[in-house]
Amino acid sequence: MMMIKPNYKKAEILARKFLKDSKVKGFPLDLDFFRKVYNKTHNTRLRIKSFSWYMKKYNLSYSGMIEFINSEDGCCFYSKEEEKAIIIYNDFLNNAGRIRWTIAHEFGHLILGHINNNRAIITRNKLSEKEYNAYELEANTFARELLAPMSLVYYIYDCLGDKISIDSIFGISHEAAQNILKRMLEWSKTHDYSKDTCLYVQFSKFIHSKYCSSCNHFFLSYNKQEKYCKFCGNEFEFKYKEDVNTMKYKDYDISKNKQVLRCLTCDNEDIDFNNDKYAFCHICGSPVINKCLNKNEKTQCGKSLPANARFCPYCGSETLFYEKGLLKAWNKKQEETPTFSFDSEVPPEEEIPF
Ligand SMILES: [Zn+2]
Ligand SMILES: [Zn+2]
Ligand SMILES: [Zn+2]
Ligand SMILES: [Zn+2]
């Protein structure tokens, strides 16, 4: 008996399982890497080839090719007997996102077991219309959850709002991105994504990546209230880079009352760390607690901030240390010993939705 109703849940679960098995940390996915993971974990040997390659090998014209596979996008051949599969994609299309979608979609047909017969190919000719449609919907669900998992789209959107471009973050077409965003917003009304933890840990760095294009710094920020670069006040955008080695501004240790351990101006370390009223160095009068200078009646920020913040990450205003000249502008050299790492802030425990 052939299944006729599409099983979306199964398609989503298998896509996520594949992401987990691959141990990737970020997007856009490298689809050739996926091919390798597939080949390592399955007996079937999968190859991914272009129309051009296939046309040359079998001496086919472009229209002959499309007629042969009955698709402008691509197809998947599978031979159970020979333990071989091949995904063919149309490399004549000038749309990398669409090509990636096709490959992921055909990959879905393979993993979902749609092509179980020898040399089978998913076309309208060999299946009933209903079966064909159900398989297509499942393969698209698989592709969507593999290339741009809904919960990750939600997390990034939740932090940065509609400024983000889903298409470039996940390497999908603009059209697919619009559909995913629409669907995510619709679902998030009833679906609690914050409890959707299955990919959260694996992609935690990816989700919390932020980038300042003005001073060229990558950040890991676990606080979605943080919208501005603390070094130059520019608004964050989304950008992910695995193993970022970027120069970080010197950070200063602070006491439980947020006082710097040594006055940044005169190096006095005789600060009353137990008294949160001790906010100014008694030797030179410099502030020892950094805070946001935004006293706007409405926004009322004024938050305590890391000692190396020139600007408030929450509202973009100047900080006390910057205004008083304790910290120089980000592009003026003052750093003694730059360290190499991400911002090392650890997520507050209650923010990890386990
Ligand atoms: Zn298909
Ligand atoms: Zn910046
Ligand atoms: Zn001082
Ligand atoms: Zn502020």
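Keep in mind that what you see is a predicted model, and the values were worked out from it rather than measured.

S.K.: Any chance you could explain the overall build of the protein chain here in plain terms?
M.R.: Within the protein chain, the regular secondary structure consists of 11 helices and 7 strands. When the 354 residues of the protein chain are sorted by exposure, 49% land in the buried category. A separation of at least 24 residues holds for 59% of the contacts in the protein chain among residues at least 6 apart in sequence. Surface exposure of the protein chain reaches about 19100 Å², of which carbon and sulfur atoms provide 48%.

S.K.: Can you help me understand the confidence of the model for the protein chain in this one?
M.R.: Any residue range with low pLDDT should be treated as having predicted coordinates unsuitable for detailed reading. Per-residue confidence for the protein chain gives a mean pLDDT of 86; residues scoring 70 or more make up 87%. Contacts of residues 336–342 to residues separated by more than four positions or lying in other chains number 17 contacts, the stretch itself having pLDDT below 50. Confidence over residues 344–354 falls short of pLDDT 50; this stretch has 18 contacts with residues more than four positions distant or in other chains.

S.K.: Can you help me understand the sheet that holds strand β2 (residues 74–79) in this one?
M.R.: Across a sheet, paired strands are connected by hydrogen bonds in the backbone, their directions being either parallel or antiparallel. A sheet is described by the order of its strands in space; here 3 strands give the open sequence β1-β3-β2, paired in mixed fashion. On the outer flanks of this sheet lie β1 (45–50) and β2, each paired with one strand and no other. In this sheet, adjacent strand axes meet at a mean angle of 15° when their direction is disregarded. In this structure, β2 lies alongside strand β3 (residues 84–89), joined through 6 bridges in antiparallel fashion. Following the sheet pairing, C76 is matched in β3 by I87.

S.K.: Help me understand the coordination of the zinc ion (ligand 4), please; the structure alone is not making it clear to me.
M.R.: Think of it this way: four donors in a tetrahedron around the metal ideally sit 109.5 degrees apart, and six in an octahedron ideally sit 90 or 180 degrees apart. Surrounding the zinc ion (ligand 4) are the protein donor atoms C292 (SG), C301 (SG), C312 (SG) and C315 (SG), which sit 2.1 to 2.3 Å from the metal. Of note, the zinc ion (ligand 4) draws all its donor residues from one chain, in the sequence arrangement C-x8-C-x10-C-x2-C. The class of C312 is buried, set by a relative accessible area of 0%. Taking the relative accessible area as the measure of exposure, C315 reaches 21% and is therefore partly exposed.

S.K.: How should I be thinking about the packing of helix α7 (residues 150–160) against helix α9 (residues 174–188) in this particular structure?
M.R.: Contact geometry for α7 and α9: axes closest at 10 Å, N-to-C directions at 85°. When the axes of α7 and α9 are compared, the pair comes out roughly perpendicular. Along its contact with α7, which presents M150, V153, Y154 and Y157, the element α9 presents I180, L181, R183, M184, L185, W187 and S188.

S.K.: Explanation requested: the packing of aromatic side chains in the structure shown.
M.R.: Two aromatic rings, taken as a pair, are described by how far apart their centres are and by the angle between their planes. Evaluated as defined, the whole model comprises 25 aromatic pairs. Between F107 and F142, the aromatic rings sit 6.2 Å apart at their centres with planes inclined by 80°, giving edge-to-face as the arrangement. Of the two residues, F107 sits in helix α5 (residues 96–111) while F142 sits in helix α6 (residues 129–147), which places them 35 residues apart along the sequence. For the pair F107 and F142, a shared accessibility class is recorded, and that class is buried. Grouping aromatic residues by their ring pairs yields a cluster made of F18, F33, F34, Y38, F107 and F142.

S.K.: In this structure, what is going on with the coordination of the zinc ion (ligand 3)? I would like to understand it.
M.R.: All of the protein donors around the zinc ion (ligand 3) are C263 (SG), C266 (SG), C281 (SG) and C284 (SG); their distances to the metal are 2.3 Å. Classification of the site at the zinc ion (ligand 3) rests on its 4 donor atoms, whose angles at the metal span 103 to 116°, yielding the label tetrahedral. Taken in chain order, the donor set of the zinc ion (ligand 3) reads C-x2-C-x14-C-x2-C. In this pair, C266 is assigned in the loop between β6 (247–248) and α11 (320–323) and C281 in the loop between β6 and α11, connecting sequence segments 15 residues apart. By relative accessible area, C266 is classed as partly exposed at 32%. Residue C281 is classed as buried on the basis of its relative accessible area, which comes to 3%.

S.K.: I would appreciate a short explanation of the pattern of salt bridges in the present structure.
M.R.: Pairs may arise between side chains of opposite charge once their charged atoms sit close together. Going through the model one piece at a time under the given rule, you end up with 15 salt bridges. One salt bridge in this structure joins D158 and K224, with 3.0 Å as the shortest N-O distance. Of this pair, D158 sits in helix α7 while K224 sits in the loop between β5 (217–220) and β6, placing them 66 residues apart in sequence. The class of K224 is partly exposed, set by a relative accessible area of 35%. Its salt-bridge partner being E269, residue R262 comes within 3.5 Å of it at the nearest N-O pair. Here the salt bridges share partners, and the residues they tie into one network are K9, E12, R16, R144 and E145.

S.K.: Would you take a moment to explain the environment of G26 for this structure?
M.R.: Locating G26 in the fold gives a position in the loop between α1 (8–22) and α2 (31–41). The exposure class of G26 is buried, given its relative accessible area of 13%. In this structure, the C-alpha to C-alpha distance between G26 and I169, residues 143 residues apart in sequence, is 9.5 Å. Not counting chain neighbours up to four residues away, the residues in contact with G26 comprise F203, F206 and Y240.

S.K.: How do you make sense of unusual backbone geometry when you look at a structure like this?
M.R.: Most peptide bonds are trans, and most residues other than glycine sit at a negative phi. Backbone torsion omega between F27 and P28 reads -5°, so that peptide bond is classified as cis. Its place among the elements puts P28 in the loop between α1 and α2. The backbone of N216 shows a phi angle near 60°, a positive value even though the residue is not glycine. Turning to its location among the elements, N216 is positioned in the loop between β4 (209–212) and β5. Taking the relative accessible area as the measure of exposure, N216 reaches 47% and is therefore partly exposed. A positive phi is found at D267, a non-glycine position, where the angle reads about 70°. By the secondary structure assignment, D267 is in the loop between β6 and α11.

Criteria and cut-off values
Residues numbered from 1 in each chain as written. Chains lettered and ligands numbered in written order. Predicted model: local features only at pLDDT ≥ 70, side-chain atom pairs only at ≥ 80, totals over all residues. Heavy atoms only, no water. Helix = DSSP H or I, 4+ residues; strand = E, 2+ residues; numbered from the N terminus. Buried < 20%, exposed > 50% of the residue type's maximum accessible area, 1.4 Å probe, protein only. Contact = heavy atoms within 4.5 Å. Areas by Shrake-Rupley, 256 points an atom, 1.4 Å probe, with all protein chains shown as cover. pLDDT = per-residue confidence, 0-100. Pairing = 2+ DSSP bridges. Axes fitted to C-alpha atoms, helices over the stretch in contact; angles between N-to-C directions. Donors = N, O, S within 2.8 Å, 3.2 Å for Na, K, Ca; no water. Parallel < 35°, antiparallel > 145°, perpendicular 65-115°, else oblique. Phe/Tyr/Trp six-rings, centres within 6.5 Å; stacked < 30°, edge-to-face > 60°. Tetrahedral: all angles 85-135°; square planar, octahedral: opposite > 155°, others 65-115°. Salt bridge = Lys/Arg side-chain N within 4 Å of Asp/Glu carboxyl O.

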